[in-house]
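Observations on the model geometry
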Amino acid sequence: MNSKQHRQHKQHAVVNSPYGTLTLVATEGILSGLYMTGQRHRPPEESFGLRVDAAEEPFPEVVRQLTAYFAGELTEFDLPVRLEGTEFQRSVWAQLQRIPYGETWSYGELAGRLGKPNASRAVGLANGKNPVGIIVPCHRVIGASGSMTGYGGGVERKERLLAFESGERTVPSQ
């Protein structure tokens, strides 16, 4: 498949949120990326495919659920996601989706749940490369001491998302 054909099966839309501009990416009609402005490990814009309006499929349902989440009306996303990565990364991202809304797990706890109790660092690296932020809640993973260790979207956003999920319903600053 040449690069032009590769781009044709991808599309993206840009939407505003209380946490800044979000870029939604779909591969073959399935959400495969949710990236924040300035996000670490954000792929280059040209890899996102054609830019379309957020009203075009498959984005309306993604936007509807994100809007409900940011309004405090949705605590669990019900969207198909296409997570492209190594087998280990995909196993970490699958575990992230099991962390309940409003709760946090440590990197060590996440590694233990994967049956790899000594893999905290590898879990952290995989967590940081999660391509579908917020929906696959990598912000719910913290350091063993409760510290707000790195977050691809920035530690400040991580703190604001966790505060929001714990019941603080003030509108976050941009």
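Look a little higher up for the structure.
Below is a summary of the structure that appears in this document. Just so you know, these numbers come straight off a predicted model, no measurement behind them.

**Some thoughts on unusual backbone geometry**
In this structure, P58 follows E57 across a cis peptide bond, with omega equal to 10°. With respect to the element layout, P58 can be found in the loop between β4 (50-51) and α2 (59-70). At E28, a position not held by glycine, the phi torsion is positive, near 50°. Here E28 is to be found in the loop between β2 (22-27) and β3 (30-36). Not every positive phi belongs to a glycine, and I134 is a case in point at roughly 65°. Residue placement: I134 occurs in the loop between α5 (120-128) and β6 (141-142).

**Re the nonpolar core**
The nonpolar side chains of a soluble globular protein tend to be buried with one another. Within the largest apolar cluster, 40 residues are counted, with the highest numbers of intra-cluster contacts made by L66, Y69, I134 and I135. Those elements that provide at least two residues to this core are β1 (10-15), β2, β3, α2, α3 (87-96), α4 (107-113), α5 and α6 (155-165). Setting aside its immediate chain neighbours within four residues, I135 contacts L31, L34, V62, L66, F77, L79 and V81.

**Quick notes on the pairing of β1**
Judged by how many residues are buried, β1 sits mostly within the fold: five of six residues are covered. Of the strand pairs in this sheet, β1 and β2 are connected by six bridges, and their pairing is antiparallel. Along β2, the bridge assignment pairs K10 with T27. Connecting β1 to the antiparallel partner β2 that follows it, the hairpin turn spans six residues, and G20 within it adopts a positive phi of roughly 105°. Bridge analysis of β1 against β4 gives two bridges, and the strand direction is parallel. Looking across to β4, one finds that H12 is bridged to R51.

The rules we used
- Residues numbered from 1 in each chain as written.
- Predicted model: local features only at pLDDT ≥ 70, side-chain atom pairs only at ≥ 80, totals over all residues.
- Heavy atoms only, no water.
- Helix = DSSP H or I, 4+ residues; strand = E, 2+ residues; numbered from the N terminus.
- Core = buried A, V, L, I, M, F, W, Y, C linked by side-chain atoms within 4.5 Å.
- Buried < 20%, exposed > 50% of the residue type's maximum accessible area, 1.4 Å probe, protein only.
- Contact = heavy atoms within 4.5 Å.
- Pairing = 2+ DSSP bridges.

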